[in-house]
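# Geometric and topological summary
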Amino acid sequence: MNSFVIITDSGCDLSPATLAEWNVPCESLTFRFDNSEKEYSNSDMSATEFYAKMREGSSAKTAAINSETFKALFEKYLSEGKDVLYVGFSSGLSTTYNSGRMAAAELAEKYPDRKILTVDTLAASAGQGLILYLALQKQKEGATIDEVAAYVDDIKFKTSIWFTVDDLVYLKRGGRVSPTVAFVGNMLGIKPILHMDNDGHLINVSKVRGRRAAIAALCDKFGALNTNPTQDTVFISHGDCENDAKELARMINEKYGATIKIITDVGPVIGSHSGPGTLALFFVGKER
């Protein structure tokens, strides 16, 4: 049986240290501030520094990974005789996954004896990270590359992805709410509860008043959708609001007995669109 490597991209919002511990190669999307020509990857700037710039009024634009970059990364492992499985950032939010798919198709001609598979997680941030983690567990259990790819294709539709933001201005910039809704919502303390659907798109599901109510609403979503209350595959990500993330983790553990496996930053690429104060919850559920 040929060995295979699982590769991802920085849309997963897992730290370089975590990815290194898991032996997962990762290619980075990039971002730049305002009209600056300087490009950064997630690892070039701490989340704290990035969100401080956003709070000061800076905005950031992001760029997808191109196929040539993926080809170089994939080929590194293919040339060693390894097969490749790329687990990628939602095609509903970025062209990054399609770049990976194109790279795989081109390399298949050069390496006809190797398997180069790609799976669109239709997820982002630590939701993509959770799917990656589950894929790695299957690999450790001895599953083949085809079995892991099929598993990821199935489990992604059971990976519940819920989040809230603290300031509607960032959703306004991305065209997800109107300027009027953003202004009135912020004046009234309205916090949206958002969801990533089966097409990998962000959907505004409901609204609550106040941050505390928003955190409680995320906790309630866990109770309504989880399949195993004491499961330990629960991930949380946050946009420079660690105390809120810890409070959500405490509420879920206290109410349902679940253990939060990872609390991680919402990195700059995702945070460029959601802003500081983003809080997101990811777990395996009955459905998305």
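Residues numbered from 1 in each chain as written. Predicted model: local features only at pLDDT ≥ 70, side-chain atom pairs only at ≥ 80, totals over all residues. Heavy atoms only, no water.

Before going further, it helps to examine the overall build of the protein chain. In terms of helices and strands, the protein chain carries 11 helices and 13 strands. The C-alpha atoms of the protein chain give 19 Å as radius of gyration, which agrees with the globular expectation for 288 residues (19 Å, within 12%). Projecting the C-alpha coordinates of the protein chain onto the three principal axes gives extents of approximately 60 × 45 × 30 Å. Counting every position in the protein chain, which comprises 288 residues, the buried fraction comes to 53%. For the protein chain, the proportion of contacts with a sequence separation of at least 24, taken over those separated by at least 6, is 77%. As presented, the protein chain carries roughly 12500 Å² of accessible surface, and 48% of it is formed by carbon and sulfur atoms. Both charge centroids of the protein chain, one from 31 positive and one from 36 negative side chains, sit 5 Å from each other. (Helix = DSSP H or I, 4+ residues; strand = E, 2+ residues; numbered from the N terminus. Rg over C-alpha atoms; globule rule 2.2 N^0.38 Å. Buried < 20%, exposed > 50% of the residue type's maximum accessible area, 1.4 Å probe, protein only. Contact = heavy atoms within 4.5 Å. Areas by Shrake-Rupley, 256 points an atom, 1.4 Å probe, with all protein chains shown as cover. Lys, Arg positive; Asp, Glu negative; His and termini not counted. Charge placed at Lys NZ, Arg CZ, Asp CG, Glu CD.)

This next bit is on unusual backbone geometry. Although it is not a glycine, Asn23 adopts a positive phi angle of roughly 60 degrees. As for its placement among the helices and strands, Asn23 is situated in the loop between helix H1 (16-21) and strand S2 (26-27). Note on Asn23: relative accessible area 65%, which makes it exposed. For Leu122, which is not a glycine, the phi torsion comes out positive at approximately 55 degrees.

Turning to the layout of surface pockets, a few remarks are in order. As a volume, the second largest pocket reaches approximately 350 Å³. For the second largest pocket, the lining is made up of 19 residues, of which Leu14, Ser15, Pro16, Asn42 and Ser43 are closest to its centre. Elements with a contribution of two residues or more to the lining of the second largest pocket: H1 and strand S12 (260-265). Here the residues of the lining of the second largest pocket are counted per class, giving nine nonpolar, eight polar and two charged. (1 Å grid on protein atoms, 1.4 Å probe; cavity = no way out; pocket = protein on both sides within 12 Å on 5 of 7 lines; lining within 4 Å. Points joined across faces, edges and corners; volume = space filled by probe spheres on them. Nonpolar A, V, L, I, M, F, W, Y, C, P; charged D, E, K, R; others polar.)

So, about the packing of aromatic side chains. Taken as a whole and assessed by the stated rule, the structure comprises 14 aromatic pairs. Judged by centre distance (5.4 Å) and plane angle (20 degrees), the ring pair of Phe31 and Tyr40 falls under stacked. Neither residue differs from the other here; Phe31 and Tyr40 are each classed as buried. Considering the side-chain rings of Tyr133 and Phe235, the 5.9 Å spacing of their centres and the 55 degrees angle between planes classify their relative orientation as tilted. With a gap of 102 residues between them, Tyr133 in helix H5 (residues 125-140) and Phe235 in strand S11 (residues 234-238) connect regions that are remote in the sequence. (Phe/Tyr/Trp six-rings, centres within 6.5 Å; stacked < 30°, edge-to-face > 60°.)

A few words now on the pattern of salt bridges. Inspection of the entire model under this criterion finds 20 salt bridges. One salt bridge in this structure joins Glu75 and Lys110, with 2.5 Å as the shortest N-O distance. Separated by 35 residues along the polypeptide, Glu75 in helix H3 (residues 67-78) and Lys110 in helix H4 (residues 96-110) bring together distant segments of the chain. Between Lys246 and Glu242 there is a salt bridge, and its shortest N-O distance comes to 3.6 Å. Placement of both Lys246 and Glu242 in helix H10 (residues 242-256) is noted, with a separation of four residues, approximately one turn of the helix. (Salt bridge = Lys/Arg side-chain N within 4 Å of Asp/Glu carboxyl O.)

Looking now at the nonpolar core. Core analysis: the largest hydrophobic core is formed by 68 residues, its most contacted members being Ile6, Trp22 and Phe74. By residue number, the principal contributor to this core is H5, which donates eight residues. With sequence-adjacent residues up to four places away left out, Ile6 is seen in contact with Val24, Pro25, Leu85, Val87, Leu132, Ala135, Leu136, Gln139 and Val148. (Core = buried A, V, L, I, M, F, W, Y, C linked by side-chain atoms within 4.5 Å.)

Before going further, it helps to examine the sheet that holds strand S5 (residues 60-63). Strand order across the open sheet formed by three strands is S4-S3-S5, with antiparallel pairing between neighbours. Two strands bound the open sheet, and with one partner strand each, they are strand S4 (40-41) and S5. With four bridges joining them, strand S3 (residues 30-33) and S5 adopt antiparallel strand pairing. Residue pairing in the sheet places Phe33 in a bridge with Ala60 of S5. (Pairing = 2+ DSSP bridges.)

What follows covers the pairing of strand S9 (residues 190-196). Among the seven residues that make up S9, seven are buried, leaving the element largely enclosed by the rest of the structure. Residues Ile190, Pro192, Leu194 and Met196 point to one face of S9 and Lys191, Ile193 and His195 to the other, with burial holding for every one of them. Two elements, strand S8 (residues 159-164) and S9, share three bridges in a ladder whose sense is antiparallel. Considered in S9, the bridge of Thr164 is made with Ile193. As judged from the seven bridges shared by S9 and strand S10 (residues 202-209), these two strands associate in the antiparallel manner. In the sheet register, Ile190 faces S10, and the bridge partner there is Arg209. The loop that links S9 with its antiparallel partner S10 comprises five residues; one of these, Gly200, has a positive phi angle of about 80 degrees.

None of the figures reported here should be taken as evidence of function without further support.
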